[in-house]
Amino acid sequence: MDISFQLYSARNATPWEGVVKTLADLGYTQVEGFGGNFEDAAGFRSLLDQNGLSMPSGHFSVDMLENDPEKALDIAKALGITRIYCPYLDESERPSDAAGWAAFAARLEVIGERMRAGGVAFGWHNHDFEFVACDDGTLPMQVILDGAPNIDWEADIAWIIRGGADPFEWISANKDRITAAHVKDIAPAGECADEDGWSDVGHGTVDWAALMTALKQAGVDLFVMEHDNPSDATRFATRSIEALRQM
């Protein structure tokens, strides 16, 4: 199985030349890009090619996707990205009710149309806030899926759990929408405080063996290793790919 690595996890372990070589040596075959990799897209593509890695997916801000979609498509073409995911909405911009989330979903649907017309798939990447009900009972993630029916979903499983939801239920209910998954683990309570409570995959509380089975059965074919704040990115990359192989 090809295993991807979200390069945001190694943002504090640069230079990128060393990061990319380490990932290739460990057996990763793919990476997922983010804004920090897009400044010199052609140069970064050359670095990936030299190490036998590809970048099938990337995270692009809603600002760029709405206000400069051609730039996003140019970056994607240069890097070989075929799946663009919008990863986040700042807290100050998050709606507080059903109408607001429905309007945001409509914006994502428009972005999706533009991206698909440009030859790439488009989807939303969740955090925890999409699973926390608004005061009016609105569940943002469901509104996004319903209000943007043609976009994909990159499911960040650990964030679903942190949002208080059952990932197995969401996977089962959205088999036709989930096209990628972030493979991330949650440390036992009270541990890894310096890493925001995250752990290396296979060393935390998330049942990744069962989740990998559920995701594969749902047709997911892109698995992206991620840790939001590792104290040692090489340790995380090494232990995580070893654990996933054992599963």
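Scroll up for the structure.
Quick notes on the rules
- Residues numbered from 1 in each chain as written.
- Predicted model: local features only at pLDDT ≥ 70, side-chain atom pairs only at ≥ 80, totals over all residues.
- Heavy atoms only, no water.
- Buried < 20%, exposed > 50% of the residue type's maximum accessible area, 1.4 Å probe, protein only.
- Helix = DSSP H or I, 4+ residues; strand = E, 2+ residues; numbered from the N terminus.
- Pairing = 2+ DSSP bridges.
- Right-handed = clockwise from strand over helix to strand, strands pointing away.
- Salt bridge = Lys/Arg side-chain N within 4 Å of Asp/Glu carboxyl O.
- Arc of directions from axis to C-beta.
- Contact = heavy atoms within 4.5 Å.
- Patch = residues over 30% accessible without salt bridge, like charges linked within 9 Å, V, L, I, M, F, W, Y side chains within 5 Å.
- Areas by Shrake-Rupley, 256 points an atom, 1.4 Å probe, with all protein chains shown as cover.
- Lys, Arg positive; Asp, Glu negative; His and termini not counted.
- Charge placed at Lys NZ, Arg CZ, Asp CG, Glu CD.

Caption draft 1: Region of the structure containing the pairing of strand S4 (residues 83-86). Side chains of S4 alternate between two faces, with Arg83 and Tyr85 and Ile84 and Cys86 buried alike. With 3 bridges connecting them, strand S3 (residues 54-59) and S4 associate as parallel partners. Paired with His59 across the strands is Tyr85, a residue of S4. Pairing of S4 with strand S5 (residues 121-125) involves 4 bridges; the strand directions are parallel. Following the sheet pairing, Arg83 is matched in S5 by Ala121. For the crossover that starts at S4, traverses helix H5 (residues 98-117) and ends in the parallel S5, the hand is right-handed.

Caption draft 2: Broad picture of the pattern of salt bridges. Scanning the entire structure with this criterion turns up 10 salt bridges. Between Asp156 and Lys184 there is a salt bridge whose closest N-O contact spans 2.9 Å. One end of the pair, Asp156, is in strand S6 (residues 152-156); the other, Lys184, is in the loop between strand S7 (178-183) and strand S8 (185-186), and 28 residues separate them in sequence. We note that Asp156, like Lys184, is buried. Arg235 is the partner of Asp200 in a salt bridge, and the nearest nitrogen-oxygen pair spans 2.9 Å. With Asp200 in the loop between strand S9 (198-199) and helix H9 (208-217) and Arg235 in helix H10 (residues 233-246), this residue pair connects regions lying 35 residues apart in the sequence. Where salt bridges share partners, they join Asp156, Lys184, Glu226 and Asp228 into one cluster.

Caption draft 3: Geometry of helix H2 (residues 41-50). For H2, every residue scored as buried is listed here: Ala41, Phe44, Leu47 and Leu48. In a view along the axis of H2, the buried residues occupy a sector of 120°, so they form one face of it. Opposite the packed face of H2, turned more than 90 degrees from it, sit the exposed residues Ala42 and Gln50. If you follow the buried residues of H2, they end up packed against helix H1 (16-26), strand S2 (30-33), S3 and helix H4 (69-79). In the stretch just after H2, Gly52 is the one whose phi turns positive, near 70°.

Caption draft 4: Structural context of a negative patch on the surface. Taken together, the side chains of Asp63, Asp68, Glu70, Asp74, Asp90, Glu91 and Glu93 make up a negatively charged region of the molecular surface. Relative to the helices and strands, Asp68 is located in the loop between helix H3 (62-67) and H4.

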